[in-house]
Structure formats: structure tokens, C-alpha cells
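Chain residues, written in single-letter form:
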Amino acid sequence: MPSRQIVERQPRMLDFRVEYRDRNVDVVLEDSCTVGEIKRILENELQIPVSKMLLKGWKTGDVEDSTVLKSLHLPKNNSLYVLTPDLPPPSSSSHTGALQESLNQNFMLIITHREVQREYNLNFSGSSTIQEVKRNVYDLTSIPVRHQLWEGWPTSATDDSMCLAESGLSYPCHRLTVGRRSSPAQTQEQSEEQSTDVHMVSDSDGDDFEDASEFGVDDGEVFGMASSALRKSPMMPENAENEGDALLQFTAEFSSRYGDCHPVFFIGSLEAAFQEAFYVKARDRKLLAIYLHHDESVLTNVFCSQMLCAESIVSYLSQNFITWAWDLTKDANRARFLTMCNRHFGSVVAQTIRTQKTDQFPLFLIIMGKRSSNEVLNVIQGNTTVDELMMRLMAAMEIFTAQQQEDIKDEDEREARENVKREQDEAYRLSLEADRAKREAHEREMAEQFRLEQIRKEQEEEREAIRLSLEQALPPEPKEENAEPVSKLRIRTPSGEFLERRFLASNKLQIVFDFVASKGYPWDEFKLLSTFPRRDVTQLDPNKSLLEVKLFPQETLFLEAKE
């Protein structure tokens, strides 16, 4: 029979180039190794503890240290990078320190829209890129990034991927002007003029493609569809049966667009949000903020990224508000919210929202719960600033706080009255319970006495019946002068009295026991003892005669109660 060869699978080798600040480390491992083994190699190379190291760049997102590389289905060559947020940046040069400081600064960009002569004041962190600024401006002006013509960028800002801290902008404010790029049909002279500053117009063909796929193209150029429809996936499913599920998708989509620093949206129905905000103790109540989103509004992206995600706004909302959200982009969801609005706030508020134009969104409704109804304190439109939004939130909080203090006072007084009444009722209840307990204890005592008396009577009657039956069953007492031998017994009772009787010497000892029992001293309760020698007669065989047990011709015995 030919031999069978077993071919073992050769391990697959993977190459990793890991970047950390200004260093590159090459790591080669088998695919049977884990992510943690890569980190341990990097720990030796970079002198960074594994606990302080974040290994990024995985195609599948963040992975655990225990993940086996084979399960990630990686190509042979891979690029990763290491982040160390808990470690201070190296102070190797003053330039690095200055750059790090600039990345943490906020730049105010005063942008003028040339065609309509309108100014926008936008705040951006130093780590934001030029591309992000252009995309935000697209949401405000409807000028796609590839059609934007800029003036005012520093000469060092040659790449849209460059962050603002590196671009050479004036700090803290910098002025820019944006307009629409002329169409290809315009003169060659205009085209040449536009091409003198490359970064003002467009980065590359790749960026044009990104604009088209992610943010739409100008004037509905692709299949006649609106640019926002091509730009984003919906915030909320249309005709969602469960409001909680719809809010879960809304929160996930909001985070993917604008980052994790955003208000904590309440997951649940509007009625549940009311319960959480209003129907609790007065001290625990909060205002309800309803955020109404609309993807078709040019203000939405800026409002969300600049205002709603500002740390000061997020913190203030978290401390003082329950924030609930809804997306009005789809007609079905809009109709559903208007129905809810009409039911909870009345037709006037519903009509106010119904008549809002698309570009007036997003809206922020501030709701305060009252005893009989819910009052809309404020309707904030999207064309606002962080400072104005904060001021209006604080103004609503002042109204709410004044009302809350009154409610707390009323609630405390009501609780005090209820506590007094509750204490009185409790004292009365305890008094009734004590009386009832005494009565029941007395009734139980009487019943127990009656039961014991009945038992005693029954026992006495039973003993008397036994005594009589034993007395009647005794043989007659023989005379002193008798043909048969006679034994005379003298028995001393525990009370000191003596029982005297004559028995035939041939009588069994049991007859003596029966005689003693007939006098009220049953042998199962009393011992019958002789004196000389001292012995327990009740331990003897009751079937033996008096002569056999040596109780003849006469004997003095005494009774003793058994223990």
C-alpha cells in the first residue's frame, strides 16, 4: 500500500511598517501571532509601555490585544501607527511645542461669500484641515468644494489636507473670501486667472471625485438628484415603527458625521422623554430640549459641527436638559412628529413648525413641564452662534429655575403635610394594632387555659376511671386469721399518710401495684421502695408472688414520685 504523506500548512508571514512620530519600525510575524505580540515587540523598540500604546490603522477598526492576526484576513504588507495620548509630546524642539500648542487653539475664520456679500463667523480647532473648512462652507453656500474660488489663504497653505495650525493663518482671527468658480465656457483669460492659486480652486481629480460621491455635485448634476441626498445616509429610517430604534440610528449616524462629542440623545419615545424630564420629584426635573434635524437645510452641518457639538453646549445640555431628537427630512417622519407635536403642545406650536422653511432648520425647542400642560419656552433656529445659543439656553434655565423653586417649595410643604398625616395614621394604626394584640393575647390565654382545664379534667376522669376499675378488680382483702398465709403491707405515701392492707402471700406483686394505683398512685408515675434492704419494688417481676419477692409476712414500703 503506498504511503500517505501529510502536508502541513506553512505559516504565513506578515510584514508591518509601524509609524510613531518620526520613527518607523518594521515588524515581521507569523499570522498565528496576536496583536499583543506586535505591541510587545514595539515596547522593546520604542521604549513605550504596552498599557500606554494605542495601535491604529487596522482596516476593521480597533482590535483587542488577544486577536489572532489570521482572523483579520490581512494582506502581506500592512501599515500601522502608534498613538500615545497619555504620554507628553517630546520637547525636542521649540517648533514641535509651538505646533502642538497651535493644534489646541481655536481659529475664528471670518468668511465672506462674495456673490451675496454675506459674512460667516466660523470657529475651527487648529487640528481641523483646510478641506473640512471648505466642506463646511459648501453646506453654508451650496458651492461644491471643486467650484470654490478662495482669496486670503496664506501662501504656505498649498494642500487641502493641511491642518489650520500649519497653514500660517493669523491667530486668533483670519479673513477669507469665497466665490463660485467660473464655468468652463468662460474665457481662457478668466480660467488662467483662476489657476494662479491652485489650492483656492480644487486640490485634485481625487478630491473632485470625493466631492461628487460624498457631498453631491452642484445643481443636481448627477441623475438630477439633490446634492444632500447623495451626500449622506439618512439620519433616521422612514416610517420607523419604534421610536427608540429610530433614535438609536439617529445617534449612530450623528456620531459618524460629527464625532463623539455631542449631546446625549434620549433613546425612547417622546412620552418617555417627558417622563424622564418632568414626572419626577421637583428637585430632579429638567428642561426638555427637542432637536429637529433637516438634511436639506444649508445650516444643518454648520449648526451641528460648530454649535451643537461645542463642548460648552454639550456640557450645559448634559447637566440641565433631557435632549430628544427627530429627523424631519423625510415627509413621513415630518408628519409623524407634527402629529406628536399637536397632541402634546397644541395646534399653534405644530403650525409654527409646519410653516418653517427648510433653510430655517435645524430647530431647537425648549420645553418646560407644568402641572397641567407642557410649555414651549423657546424655538431656536439654526442661524445662530454658540454664544447666542448658550444665552438662550441659560435664559430658559432662569425661567425654569424660578418655576422649579416654587414647585420644590410646594412639594416640600405637601410632603410635610403628608408626613404629619402619615405619622398620625401610623400612630393610630400602631395603637389599634396594640389593642388588637392585647385582645388577641388575652383571648389566646383564655383559650389555652380552657384547653388545659379540659385536658386536666379529661386526664382526671381517665385516671379516676382507671382507679375505679383497678379498685373493683382487686381481690377481697383476706382476714387476719386465714387458712392461707397472709402478708401485711404498710405503705407510706409522699404526703406522710399510710396505706395498710392484707394480701395473700400467694398474690402476685401486680395486685399490690393495682392497689397502690387505685389509691391514686399509678406505678408508671411512682416508685414503690422497700427500706431494708433498700430496693425498687417496681423493678421486680410483677408476676411473682409476694412470698417470692420476700414481702412476707409483713413489710413497710414507701412511695416516691419518679423523676
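Scroll up to find the structure.
Everything numeric here is computed off the predicted structure, so don't read it as measured data.

K.L.:
How would you explain the pattern of salt bridges if you had to name every residue and give the values?
P.N.:
Under the definition given, this model contains 29 salt bridges. Arg 456 is the salt-bridge partner of Glu 453, the closest N and O atoms lying 2.2 Å from each other. Separated by three residues within a single helix, Glu 453 and Arg 456 lie in helix α14 (residues 386-473), roughly one turn from each other. Under the relative-accessibility criterion, Glu 453 is labelled partly exposed at 30%. Overall, Arg 456 belongs to the partly exposed group, its relative accessible area being 34%. When the shortest N-O distance is used, the salt bridge between Glu 560 and Arg 534 registers 3.9 Å. Taken together, the residues Glu 560 in strand β17 (residues 554-561) and Arg 534 in the loop between β15 (526-530) and β16 (535-536) connect sequence positions 26 residues apart. A residue is classified by how much of its surface remains accessible, and Glu 560, at 29% relative accessible area, is partly exposed. The exposure class assigned to Arg 534 is exposed, which follows from its relative accessible area of 55%. When salt bridges that share partners are traced, they join Glu 253, Arg 257 and Asp 295 into one network.

K.L.:
Describe the packing of aromatic side chains, and please don't skip the residues or the numbers.
P.N.:
Within the structure shown, the criterion is met by 20 aromatic pairs. Taking 5.5 Å as the distance between ring centres and 10° as the angle between the ring planes, the aromatic pair formed by Trp 324 and Trp 326 counts as stacked. Across this residue pair, the class does not change: Trp 324 and Trp 326 are buried. Among the aromatic residues, ring-to-ring pairing joins Phe 250, Phe 254, Tyr 258, Phe 265, Tyr 291, Phe 303 and Phe 364 into one connected group.

K.L.:
Could you give an account of the packing of helix α11 (residues 311-320) against α14, naming the residues involved and the relevant values?
P.N.:
Contact geometry for α11 and α14: axes closest at 10 Å, N-to-C directions at 15°. Taken together, the axes of α11 and α14 are roughly parallel relative to one another. Taken as a pair, α11 and α14 cross one another with a handedness that is left-handed. Mapping the contact onto sequence places Ser 312, Ile 313, Tyr 316, Leu 317 and Asn 320 in α11 and Val 386, Leu 389, Met 390, Leu 393, Met 394 and Met 397 in α14. Of the residues in the contact of α11 with α14, the class split is nine nonpolar, two polar and no charged.

K.L.:
Tell me about the sheet that holds strand β14 (residues 498-504), and name the residues and values.
P.N.:
As summarised here, the arrangement of the five strands in space is β14-β13-β17-β15-β16, forming an open sheet in which the pairing is mixed. On the outer flanks of this sheet lie β14 and β16, each paired with one strand and no other. Each of β13 (486-492), β14, β15 and β17 is contacted by helix α15 (residues 509-518), which is oriented at about 150° to β14, the strand it contacts most.

What counts as what
- Residues numbered from 1 in each chain as written.
- Predicted model: local features only at pLDDT ≥ 70, side-chain atom pairs only at ≥ 80, totals over all residues.
- Heavy atoms only, no water.
- Salt bridge = Lys/Arg side-chain N within 4 Å of Asp/Glu carboxyl O.
- Helix = DSSP H or I, 4+ residues; strand = E, 2+ residues; numbered from the N terminus.
- Buried < 20%, exposed > 50% of the residue type's maximum accessible area, 1.4 Å probe, protein only.
- Phe/Tyr/Trp six-rings, centres within 6.5 Å; stacked < 30°, edge-to-face > 60°.
- Axes fitted to C-alpha atoms, helices over the stretch in contact; angles between N-to-C directions.
- Parallel < 35°, antiparallel > 145°, perpendicular 65-115°, else oblique.
- Left-handed = near helix turned anticlockwise from the far one by under 90°.
- Contact = heavy atoms within 4.5 Å.
- Nonpolar A, V, L, I, M, F, W, Y, C, P; charged D, E, K, R; others polar.
- Pairing = 2+ DSSP bridges.

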